[in-house]
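Structural features, examined
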Amino acid sequence: MSFGISGWGCYIPRYRITTREIARVWGDDPLRIRDLYLIEEKTVENYDEDAVTMAVEASRRAIVRAGISPKDIDAILVGTESKPYAVKPIASILIDALGARYNVQAVDSEFACKAASDMMILAYLSVREGKYSNVLVVATDASQGEPGEHLDYSASAGAAAFIISRNDVCAVIEDFYSYCSDTPDFWRRDGCLFPVHGEGFTGEPAYFRHIISAARGLMEKMGLKPSDFDYVIIHQPNARFPVRAASILGFPIEKVKPGLVVDRIGNTYNASALLGLVNVLDIAKPGSRILLVTYGSGAGSNAFSIYVTDKIEERRGRVETLQEMLKMKIYVDYSLYSRFRKLIKMLQ
Amino acid sequence: MPDYSIPVPRYWRRIGEYYRLEASRCLKCGKVYYPPRARCSCGSTSLEKISLLDGNFILREFTVLHSVPVDFEKQKPIIHGIVENVNMNIRLITQISDVLDISKLHKDIPVEPIFRVVKRDGNIGIICYGTKFRPKSIEGV
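Given the structure is predicted, the values throughout are model-derived calculations rather than measurements.

**Section: the overall build of chain B**
In terms of helices and strands, chain B carries two helices and eight strands. Starting at the N terminus and ending at the C terminus, chain B contains elements arranged as α-α-β-β-β-β-β-β-β-β. Within chain B, residue pairs in contact and separated by at least 24 positions form 49% of the contacts whose partners lie at least 6 positions apart.

**Focus on the overall build of chain A**
Helices and strands together make up the secondary structure of chain A, namely twelve helices and 14 strands. Across its three principal axes, chain A shows a C-alpha extent of roughly 55 × 45 × 40 Å. Per-residue burial for chain A yields a buried fraction of 53% across its 348 residues. Put simply, 78% of the contacts in chain A that link residues at least 6 apart link residues at least 24 apart.

**A short note on the nonpolar core**
Residues and elements named next belong to chain A. By size, the foremost hydrophobic cluster in this structure holds 135 residues, and its most contacted members are Ala55, Val137, Val138 and Ala159. The element contributing the most residues to this core is helix H3 (residues 51–66), with nine residues. Both domains that meet at this core, namely domain 1 (4–170 + 312–340) and domain 2 (173–308), each give it at least three residues. Those residues within four positions of valine 138 in sequence are excluded, and the remaining contacts are Ala55, Ala58, Ser59, Val78, Leu94, Ala116, Ala159 and Ala161.

**Some remarks on the interface of chain A and chain B**
With 17 residues of chain A at the contact, the number on the chain B side is 16 residues. For the side of chain A that touches chain B, the secondary-structure elements that each account for two or more residues are H3 and helix H4 (90–98) of chain A. Tallying contributions element by element places H3 of chain A first for the side of chain A that touches chain B, with four residues.

**A short note on the domain arrangement of chain A**
Residues and elements named next belong to chain A. Here chain A is partitioned into domain 1 (4–170 + 312–340) and domain 2 (173–308). Averaged C-alpha coordinates put domain 1 and domain 2 at centres separated by 16 Å. Tallying the contact residues gives 45 residues for domain 1 and 40 residues for domain 2. Those elements giving two or more residues to the side of domain 1 that touches domain 2 turn out to be strand E1 (4–11), strand E3 (41–44), helix H5 (115–128), strand E6 (134–142), strand E7 (157–165), helix H10 (312–315) and helix H11 (322–327). The biggest single contributor to the side of domain 1 that touches domain 2 is H5, with six residues. Its residues assigned to classes, the side of domain 1 that touches domain 2 shows 21 nonpolar, 14 polar and ten charged.

**Quick look at the sheet that holds strand E2 (residues 15–18) of chain A**
Adjacent strands of a sheet pair through backbone hydrogen bonds, lying either parallel or antiparallel. Residues and elements named next belong to chain A. Strand order in the open sheet formed by three strands is E3-E2-E14, with mixed pairing between adjacent strands. Unpaired on one side and paired on the other, E3 and strand E14 (330–331) mark the two borders of the sheet. Along the sheet face, helix H1 (residues 19–26) touches E2 and E3 and points at about 55° away from the line of E2.

**Focus on the pairing of strand E6 (residues 90–96) of chain B**
Regular strands place side chains that alternate from one sheet face to the opposite one. Residues and elements named next belong to chain B. Both strand E5 (residues 78–85) and E6 contribute to a ladder of seven bridges, which runs antiparallel. Each residue of the ladder has a partner; that of histidine 80, found in E6, is glutamine 95. Linking E5 to E6, which pair antiparallel, is a turn of four residues; within it asparagine 89 sits at a positive phi near 55°.

**Quick word on H3 of chain A**
Residues that lie three or four places apart on an α-helix share one face, since the helix turns once every 3.6 residues. The end-to-end C-alpha distance of H3 of chain A, which contains 16 residues, comes to 22 Å, matching closely the 22 Å that a straight helix rising 1.5 Å per residue would cover. Burial analysis of H3 of chain A places 15 of its 16 residues in the buried class, which makes it a mostly covered element.

**Comments concerning unusual backbone geometry**
The step from glycine 298 of chain A to alanine 299 of chain A runs through a cis peptide bond, and the omega angle for that step is 5°. Residue position: alanine 299 of chain A is located in strand E13 (residues 298–308). The omega angle of the peptide bond from tyrosine 34 of chain B to proline 35 of chain B is 0°, so this bond is cis rather than trans. Mapped onto the elements of the fold, proline 35 of chain B is located in the loop between strand E2 (32–33) and strand E3 (47–51). The phi dihedral of aspartate 98 of chain B falls on the positive side, at around 60°, and the residue is not glycine.

**A word on H4 of chain A**
All names here are of chain A. Ile90, Ala91, Ile93, Leu94, Ala97 and Leu98 are the residues of H4 that are buried. Looking straight down H4, one finds that the buried residues subtend no more than 155° of arc, so they occupy a single side. Just past H4, the residue glycine 99 takes up positive phi, approximately 80°.

**Examining the environment of proline 110 of chain B**
Residues and elements named next belong to chain B. Note on placement: proline 110 falls in strand E7 (residues 110–120). Distance from proline 110 to serine 137, taken between C-alpha atoms, is 7.8 Å for residues 27 residues apart in sequence. When near neighbours in sequence (up to four residues on either side) are disregarded, proline 110 contacts Asn56, Phe57, Ile58 and Lys136.

**Here's the deal with the sheet that holds strand E5 (residues 105–109) of chain A**
Residues and elements named next belong to chain A. Ordered by their spatial adjacency, nine strands build an open sheet running E5-E4-E6-E7-E1-E8-E13-E12-E11, and the pairing between neighbours is mixed. The sheet terminates laterally at E5 and strand E11 (231–234), the two strands that pair on one side only. In this sheet, adjacent strand axes meet at a mean angle of 20° when their direction is disregarded. Pairing of strand E12 (residues 289–296) with E13 involves eight bridges; the strand directions are antiparallel. Bridge assignment links threonine 294 to a residue of E13, and that residue is asparagine 302.

**Thoughts on the packing of helix H6 (residues 202–222) of chain A against helix H7 (residues 240–249) of chain A**
All names here are of chain A. Two elements in contact, H6 and H7, have axes separated by 10 Å at closest approach and are oriented at 45°. Relative to H7, the element H6 lies oblique. In this structure, H6 meets H7 at a crossing whose hand is right-handed. Contacts between H6 and H7 involve Tyr207, Phe208, Ile211, Ile212 and Ala215 from the former and Phe241, Ala245, Ile248 and Leu249 from the latter. Considered class by class, the residues forming the contact of H6 with H7 number nine nonpolar, no polar and no charged.

What counts, and at which threshold
The residue numbering used here restarts from 1 in each chain and proceeds along that chain's sequence as written. Working convention: letters from A go to chains and numbers from 1 go to ligands, in the order in which they are written. This being a predicted model, a pLDDT of at least 70 is required before a residue's local features are given, and a value of 80 or more before pairs of side-chain atoms are given or counted; all residues contribute to the totals for chains, interfaces and linings. For helices the rule is a DSSP run of H or I covering at least 4 residues; for strands it is a run of E covering at least 2, with both sets numbered from the N terminus onward. Here, residue contact means that the backbone-derived C-beta atoms of the two residues sit within 7 Å. Partly exposed residues are those whose C-beta has more than 12 but fewer than 20 other C-beta atoms within 10 Å; 20 or more makes a residue buried and 12 or fewer makes it exposed, with C-beta atoms placed from the backbone. Put simply, a nonpolar core is a cluster of buried Ala, Val, Leu, Ile, Met, Phe, Trp, Tyr and Cys residues tied together by C-beta atoms within 7 Å. A domain assignment, automatic or from a database, supplies the domain bounds used here. Note on residue classes: Ala, Val, Leu, Ile, Met, Phe, Trp, Tyr, Cys and Pro are nonpolar, Asp, Glu, Lys and Arg are charged, and everything else, Gly too, is polar. The pairing criterion is simple: DSSP has to find at least two bridges between the two strands. Interaxial angle, 0 to 180 degrees, is taken between N-to-C directions of lines fitted to C-alpha atoms, where a helix line uses only the stretch in contact. The span you would expect from a helix comes to 1.5 Å times its residue count less one. Here, the arc refers to the directions that run from the helix axis to the C-beta atoms. Any angle that is under 35 degrees is reported as roughly parallel, and any over 145 degrees as roughly antiparallel; angles of 65 to 115 degrees are reported as roughly perpendicular and all others as oblique. Each helix crossing is assigned a hand: it is left-handed if the near helix lies turned anticlockwise from the far helix by less than a right angle, otherwise right-handed if that turn is clockwise.

This is the structure in structure tokens:
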């Protein structure tokens, strides 16, 4: 018996801002900015959107794709770092917004950008153990970035949702491997509006160390090598980091590109690598194998080996794809961006 | 459309109709009510709950508010629309979102339900969520 993904869905806002527009306002060289991050544009949540609304929309699509009723869901597990409430869960709002049963387990979790993939592991283990039949896992973030700083060019909004099941699986989770340590690369203190980077820690000791260790650990555990995978999807705070990490691991660029969406969406934090997975599931052929490596600051990575089954074809066409959503875009300038993201604060 | 001025308990009691567009349908004559009702105009009290989310919707009329209640000052202008669920032949009043250039918005276009924040009660109060609608296509908006 195999366990894994039976349905997937996503949501991104329609509004976009280009990194060129942000650079215009803050006096940066737009070409240098694009060269630094390889991000053309990013999503901008409307004034009436947040991590909750995007989670609902992505979840509704995942449920339709899986062909189940919301009443068939046994647990709702959310990963986010941008809850609109400090105390009051997104998961319980999802119960009523989706029309799920009330006798379900429901919880939000936080580990920077990694929590949703941890929830995917817990969902996989619980269906494998026979405790649950269908678990909804949601990655959602509308994260903060200090105006004019690095994150202003990348922090964006989006959500991805997956139904993890013991039946009708279209993408089998074959195995997983986790690698975590106390690494101070990025944090946001309680009550602070914006996160900060531990500058020297961001790259090698944080992102690359954890991602490379998790990916290599998984491949060693399973006896697999890069040539056994058709796609590699890596957490994408910008487009440079995942391409370099894949290169270090020995993957050619062709296996990276289908799962790389940050250049047109920005960094959606918990949904970052998982929107890459959505994009790959929208196109992957039966028999394909996917290496998915998520990353969360603080720091840790989860690596998954995912095998696409024959059932994938029948799940397509039920809801819009990520590529279709990417075409539905309306550009805003920095003034509207500041208003929609609530960056304009009253002094009194 | 959510009542703009209601307190938390009354909002909570209407979560079904706000979140899932929950309506009631008469089991005797088939008439659909939104907001849901306990008694049909035919006299029957046998009504079932149904969700209007799955139908096809058309924007029949709309108006633009520039003078808005205090909770909505940061969201103005607000577009109020009459949206018809053509499968169930029922119309409802709702907010239209994701429209940047209102001069290009037209009636009789397909719209789709979308889960959104309706209002935030200051900086410490509850966030009220509900269903709004947006144009299905981005042409002209």
